[in-house]
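Each chain is listed here by its residues.
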Amino acid sequence: MPSKQLSKILMSMAGEYITAAYLCSMGYLTAITPKGMPRVDLIVHDLGNGRSRLVQVKAFSRRENRCPLVGARANFENIDVVLREKITHPYIFVELGQRQDLREAKFYILSPKDVRRLAKETYIEWLERKRHKKPIEELKKKEQPLCIPVEKLEVYENKWDNIWKD
């Protein structure tokens with residue numbers, strides 16, 4: 001397996017485990033889902049309130065990625081449908097620190113509605129930039145990976161209550 005691919009897998013696993021550990025330390029019963037489970041990494045249960053949520057975790061390093069992917073691709077015509085179908089659970093974006101020092105991890109917690117809104121907003125802003133080499137109409141037809149820039153995530157840092165929002 002190529003080193004870069006292995007590194008991504010390990011970063012993803014580190015993000016899931018540190019998020020699960022953090023949630024457990026806050027009093028939530030947390031389980032990591034089996035690999036291959038589509039769009040769900042954690043099951044979080046609030047023992048005090050008797051509620052549970054499925055959660056998607058996306059780990060990234062700011063040094064390597066200033067716009068973490070949300071795990072969906074869309075073009076202009078189908079972006080709303082794709083986002084509605086694929087973004088159904090809250091997201092926890094985990095920023096791992098330099099040298100993957102887990103003590104430097106930052107957590108950005110977004111409701112599914114916020115993920116959909118910000119991913120679409122970022123896509124539209126990307127389309128409206130003037131620096132494209134290809135015509136806008138051509139770009140609108142091609143599926144693009146959807147992401148949310150770190151700058152837009154920052155207001156969601158440690159907003160753990162967003163796990164319970166739709």
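Right above here is the structure, for reference.
Residues numbered from 1 in each chain as written. Predicted model: local features only at pLDDT ≥ 70, side-chain atom pairs only at ≥ 80, totals over all residues. Heavy atoms only, no water.

Scanning the protein from terminus to terminus reveals five helices and seven strands. Listing each helix as α and each strand as β along the protein from the N terminus yields α-β-β-β-β-α-β-β-α-α-β-α. A globule of 166 residues ought to have a C-alpha radius of gyration of about 15 Å, and the protein, at 16 Å, matches this closely. Each principal axis of the C-alpha atoms in the protein carries an extent, and together these give about 50 × 35 × 30 Å. Restricting to contacts in the protein with at least 6 residues of sequence separation, those with at least 24 account for 65%. Of the roughly 9800 Å² that the protein leaves accessible, carbon and sulfur atoms contribute 53%. With 31 positive and 22 negative side-chain charges, the protein shows a spacing of 3 Å between the two charge centroids. (Helix = DSSP H or I, 4+ residues; strand = E, 2+ residues; numbered from the N terminus. Rg over C-alpha atoms; globule rule 2.2 N^0.38 Å. Contact = heavy atoms within 4.5 Å. Areas by Shrake-Rupley, 256 points an atom, 1.4 Å probe, with all protein chains shown as cover. Lys, Arg positive; Asp, Glu negative; His and termini not counted. Charge placed at Lys NZ, Arg CZ, Asp CG, Glu CD.)

Quick look at the pairing of strand 2 (residues 42–46) now. Because side chains alternate across strand 2, one face comprises the buried residues Leu42, Val44 and Asp46, and the other comprises Ile43 and His45, none of which is buried. In terms of strand pairing, strand 2 meets strand 3 (residues 51–60) through five bridges, oriented antiparallel. Bridge assignment links Asp46 to a residue of strand 3, and that residue is Arg51. With antiparallel pairing between neighbouring strands as the criterion, strand 2 and strand 3 make up a hairpin whose turn holds four residues, including Gly50 at a positive phi of roughly 65 degrees. (Buried < 20%, exposed > 50% of the residue type's maximum accessible area, 1.4 Å probe, protein only. Pairing = 2+ DSSP bridges.)

All right, on to the pattern of salt bridges then. Should the charged atoms of two oppositely charged side chains come close, the side chains can pair. What the rule picks out here adds up to 10 salt bridges. Between Glu16 and Lys35 there is a salt bridge whose closest N-O contact spans 2.8 Å. Taken together, the positions of Glu16 in helix 1 (residues 3–25) and Lys35 in the loop between strand 1 (28–32) and strand 2 put the pair 19 residues apart, joining distant regions of the chain. Accessibility expressed as a relative area gives 3% for Glu16, which makes it buried. In this structure, a network of salt bridges that share partners links the residues Asp114, Arg117, Glu121, Glu125 and Lys152. (Salt bridge = Lys/Arg side-chain N within 4 Å of Asp/Glu carboxyl O.)

Here we take up unusual backbone geometry. Of note in the backbone geometry, Arg39 takes a positive phi value of approximately 60 degrees without being a glycine. When you line up the elements, Arg39 lands in the loop between strand 1 and strand 2.

End to end, helix 3 (residues 112–128) covers 24 Å across 17 residues, agreeing with the expected 24 Å (1.5 Å per residue, within 8%). Those residues of helix 3 that fall on the buried side of the exposure criterion are Pro112, Asp114, Val115, Leu118, Ala119, Thr122, Tyr123 and Leu127. (Expected span 1.5 Å × (residues − 1).)

Attention now goes to the side chain of Thr19. Topologically, Thr19 is positioned in helix 1. For Thr19, a relative accessible area of 0% translates into the label buried. Once residues lying within four places of it in the same chain are set aside, the contact partners of Thr19 are Leu42, Val57, Ile92, Val94 and Phe107.

A word on the environment of Gly71. Along the polypeptide, Gly71 turns up in strand 4 (residues 69–74). Residues Gly71 and Leu83, 12 residues apart in the sequence, show an inter-C-alpha distance of 9.9 Å. Excluding anything up to four places from it in sequence, Gly71 contacts Lys58, Lys86 and Leu146.

Tallied over the full model, the rule gives seven aromatic pairs. Ring geometry for Tyr91 versus Phe93: centroids 5.7 Å apart, planes at 35 degrees, classification tilted. By relative accessible area, which is 3% here, Tyr91 ends up buried. Given the relative accessible area of 0%, Phe93 is considered buried. (Phe/Tyr/Trp six-rings, centres within 6.5 Å; stacked < 30°, edge-to-face > 60°.)

Here we come to helix 2 (residues 79–86). Inspection of helix 2 places Ile79, Val82 and Leu83 among the buried residues, and these make up the whole buried set. When helix 2 is viewed along its axis, its buried side chains cluster within an angular range of 95 degrees and face the same direction. Of the residues in helix 2, the exposed ones pointing more than 90 degrees away from the buried face are Arg84 and Glu85. (Arc of directions from axis to C-beta.)

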